[in-house]
Amino acid sequence: MTRSLRLTIAVATAAVAALALSACSAGGSSADGTVTDGKLTIATGQPAYSPWVEDNKPQSGKGFESAVAYAVAKEMGYSKSDVVWKRSTFDSAIAPGPKDWDLNVQQFSIDAKRKKAVDMSSAYYTTTQAVVTTQESKAVDHTTIDELKKDAIGVATGSTSIASVKSVLGVTPQVFNSNDDAVLALKSGQIDAIVTDLPTAFYMAAAQLDDGTVSAQFPADGKGDQFGFVLPKDSELTSKVDKALKTLSDDGTLKDLQTKWLSSETNTPVLK
């Protein structure tokens with residue numbers, strides 16, 4: 001084989017590979033716009049934590065994001081057996097470039113800057129504020145506004161939790177430089193509970209406190225971060241996911257799944 005022929009083959013091969021990657025990045029090269037024809041490939045983190053995914057098994061359909069993913073897939077015409085799960089890191093999911101999945105779900109806040117590199121769906125969840133405490137705290141059984149307003153509440157400076165505590169509980173919380181400082185104050189008994197967004201609350205209770213619990217959540221006010229699916233940039237599926245989410249919102253499915261997996265299953269009642 002001559003050098004020029006080898007060079008021609010190499011250039012042609014590179015061009016084909018580039019086209020394939022480009023097609024993958026734009027939402028797949030199959031007839032239905034997916035990376036694998038007839039399958040919907042959904043990615044999540046490794047590991048994936050409760051209550052978003054139960055027991056690190058997204059294929060089970062248990063956990064809020066796993067259940068939402070299957071509900072969206074169904075609305076898009078895919079059966080449960082048509083859904084294929086992959087794992088990815090958070091940072092690689094929102095970075096520019098080709099993807100080997102169709103959707104990615106792991107608590108991605110919808111953000112204009114991220115939309116420059118990837119597509120983001122409409123929201124499937126808007127975060128609420130929640131109460132984190134310990135089993136030894138007097139606040140552990142306080143699940144009403146009247147009970148909780150008598151406790152010493154801590155929040156992180158600059159957080160939306162400050163305004164929520166003032167408006168819902170009618171009290172002024174103790175403000176700390178960071179969530180970590182608030183956790184230390186809770187451990188030492190300086191405060192009875194911490195108010196933060198629900199995803200952070202679950203993390204605090206599971207990872208930062210030996211006997212932590214998310215004891216209650218604030219009523220939804222629509223002002224929290226909105227979570228959406230990440231898709232490859234200019235994916236053919238983005239509009240289909242948005243349509244599916246609108247249907248699931250309109251018929252009450254998203255609200256029902258939120259109540260089941262973020263309230264009932266976690267024993268996290270809404271303050272009244």
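This structure is a prediction, so every number in the text was calculated from the model and none was measured.

Asks: Lay out the sheet that holds strand β5 (residues 129-134) in plain terms, naming residues and giving numbers.
Replies: Within the open sheet, the 5 strands sit side by side as β7-β6-β8-β5-β9. Their pairing is mixed. Lying at the two open borders of the sheet, with one neighbouring strand each, are β7 (174-176) and β9 (212-217). Within this sheet the neighbouring strands show an average axis-to-axis angle of 35 degrees, counted without direction. Most of the contacts of helix α5 (residues 161-169) go to strand β6 (residues 153-156), to which it runs at about 150 degrees, and overall it touches β5, β6, β7 and β8 (193-197).

Asks: Please set out the environment of Val140 residue by residue, giving values where relevant.
Replies: Relative to the helices and strands, Val140 resides in the loop between β5 and α4 (145-148). According to the relative accessible area criterion, Val140 is buried, its value standing at 15%. C-alpha of Val140 to C-alpha of Ser215: the two residues are 75 residues apart in sequence and 6.1 Å apart in space. If sequence neighbours within four positions are ignored, Val140 has contacts with Thr133, Thr134, Gln135, Thr213 and Ser215.

Asks: Could you give an account of the packing of aromatic side chains, with specific residues and numbers?
Replies: One pair of aromatic rings is described through two measures. These are the centre distance and the angle between the planes. Here the structure, examined in full by the defined rule, presents 10 aromatic pairs. Where Tyr70 meets Trp85, the ring centres are 6.0 Å apart and the plane angle is 65 degrees; that geometry is what we call edge-to-face. Here the residue Tyr70 occupies a position in helix α2 (residues 64-75), and Trp85 occupies one in strand β2 (residues 83-87), the gap between them amounting to 15 residues. In terms of burial, Tyr70 and Trp85 fall into one category: buried. Pairwise contacts between aromatic rings join Trp52, Phe64, Tyr124, Tyr125, Phe227 and Phe229 into one cluster. Note that Lys80 overlies the ring of Tyr70, its terminal NZ or CZ placed 5.1 Å from the centroid. If you follow Lys260 out to its NZ or CZ, it ends over the ring of Trp261, 4.7 Å from the centre.

Asks: Summarise the packing of α2 against helix α8 (residues 238-250); cite the residues concerned and give the values.
Replies: Direction vectors running N to C along α2 and α8 enclose 110 degrees, while the axes themselves pass 9 Å from each other. Classified by the angle their axes make, α2 and α8 are roughly perpendicular. Each of Ala71, Val72 and Glu75 in α2 lies in contact with α8, whose residues at this interface are Val241, Ala244, Leu245, Thr247 and Leu248. Residue classes in the contact of α2 with α8 are distributed as 6 nonpolar, 1 polar and 1 charged.

Asks: Give a detailed account of the pattern of salt bridges, specifying residues and quantitative values.
Replies: Using the criterion set out here, one finds 5 salt bridges in the structure. One salt bridge connects Asp250 with Lys246, and the closest N-O pair in it is separated by 2.7 Å. Highlighted residues: Asp250 and Lys246, both in helix α8, separated by 4 residues, approximately one helical turn. Using a relative accessible area of 54% as the deciding quantity, one classes Asp250 as exposed.

What counts as what
- Residues numbered from 1 in each chain as written.
- Predicted model: local features only at pLDDT ≥ 70, side-chain atom pairs only at ≥ 80, totals over all residues.
- Heavy atoms only, no water.
- Pairing = 2+ DSSP bridges.
- Helix = DSSP H or I, 4+ residues; strand = E, 2+ residues; numbered from the N terminus.
- Axes fitted to C-alpha atoms, helices over the stretch in contact; angles between N-to-C directions.
- Contact = heavy atoms within 4.5 Å.
- Buried < 20%, exposed > 50% of the residue type's maximum accessible area, 1.4 Å probe, protein only.
- Phe/Tyr/Trp six-rings, centres within 6.5 Å; stacked < 30°, edge-to-face > 60°.
- Lys NZ or Arg CZ within 6 Å of the ring centre and 35° of its normal.
- Parallel < 35°, antiparallel > 145°, perpendicular 65-115°, else oblique.
- Nonpolar A, V, L, I, M, F, W, Y, C, P; charged D, E, K, R; others polar.
- Salt bridge = Lys/Arg side-chain N within 4 Å of Asp/Glu carboxyl O.

This is a description of form; function is not addressed.
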